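Here's the letter readout for the chains.
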Amino acid sequence: MSTPLTDERVTTAVGKVQVQRGGAGAPVVYLHSAMGEGAGLALLDDLADDHDVVAPLFPGFGESEGIEQIEDMEDAVFHVLDLFDQLDLGAPAVVGHSLGGWMAAELATRYPERVSALVLVNAVGLYLPEAPVPDIFGKTPSELAAMMFADQSHPMAQMMNALAARLDEPSGWGDLPFELFAPTLKSMAATAKLGWDPYLHDPKLRKRLYRVTAPTLVVHGEQDAFVVRGHAEAYADGIPGARIVDLPGGHLLPLEQPERLAAAVREFVAT
């Protein structure tokens, strides 16, 4: 049985950053999505069985400080590099999910020598005119659940749908504590700083993907209603030697399919 990751605080140039860390072996860094997943994530506990897993929460998420000093994705990449240096990680394998996948791709194009292997899971970051990423800002919890989860019986999807039903009743608003919404509001604000305009992509990223030198696996959730397979294909076409693997599940594969995703990451990193 795997040992849960511990919660640490790492001092960086922008402030103290919350980091989940555990396990032993070759380092694997996990960069989270706009959901801010990390603590208690079964995927990370699984990978920690045979890897040194490092999962930082980006400024503006959880208890990580410094979002006011982050203006764009370039700042985000420098922040990740600072963390690598602070933790003496060298060139780890990097797994990035959604927003974190975009961040990982930017890191691997700008500083390819700092990434030994790259796994992009339902990554945003590219603009496809025929398949733009849907707007997440202003969506109701139930609309977000429908986009993010293939399995609406997942506990988080059920919670989001229950919250939406509660919000549909005007009398229910007054009973909901602000603390229930605060983490989501914080994470949405942090996401907006990175990907408001242009929306969740870098117009220059696609033409720079040839710079990635790390072996790359592009993971696509077969029922992803948020980032369609064309985005995975564009990443795989642009990154030399990259290949795609399709896994059952929606956009939030780390939550819906932690065992399958961990197995895919483990097999890829090992080879």
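Residues numbered from 1 in each chain as written. Predicted model: local features only at pLDDT ≥ 70, side-chain atom pairs only at ≥ 80, totals over all residues. Heavy atoms only, no water.

Undergrad: So, the side chain of Gln20: which residues are in play, and what are the values?
TA: Take Gln20: it is sitting in strand β2 (residues 15–22). Its relative accessible area of 6% is what places Gln20 among the buried residues. Setting aside chain neighbours within four positions, we find Gln20 in contact with Leu5, Thr6, Asp7, Gly38, Ala39, Val53, Val54 and Ala55. (Helix = DSSP H or I, 4+ residues; strand = E, 2+ residues; numbered from the N terminus. Buried < 20%, exposed > 50% of the residue type's maximum accessible area, 1.4 Å probe, protein only. Contact = heavy atoms within 4.5 Å.)

Undergrad: I'd like to hear about the nonpolar core, residue by residue, with values.
TA: Counting residues in each nonpolar core, the largest one holds 89 residues, and the members touching the most others are Leu118, Phe226 and Tyr235. The contact partners of Phe226, leaving out residues within four places of it in the chain, are Ser98, Val124, Val133, Pro134, Ile136, Met147, Met148, Tyr199, Leu200 and His251. (Core = buried A, V, L, I, M, F, W, Y, C linked by side-chain atoms within 4.5 Å.)

Undergrad: Run through unusual backbone geometry, naming residues and quoting values.
TA: Look at the link from Asp197 to Pro198: it is a cis peptide, with omega at 0 degrees. Along the chain, Pro198 falls in the loop between α6 (178–195) and α7 (205–208). Phi angles above zero are rare outside glycine, and Asp88 is one such case at about 55 degrees. With respect to the helices and strands, Asp88 occurs in the loop between α2 (73–86) and β5 (93–97). Positive phi, normally seen in glycine, also occurs at Leu200, with a value near 50 degrees. Tracing the backbone through its elements, the reader meets Leu200 in the loop between α6 and α7.

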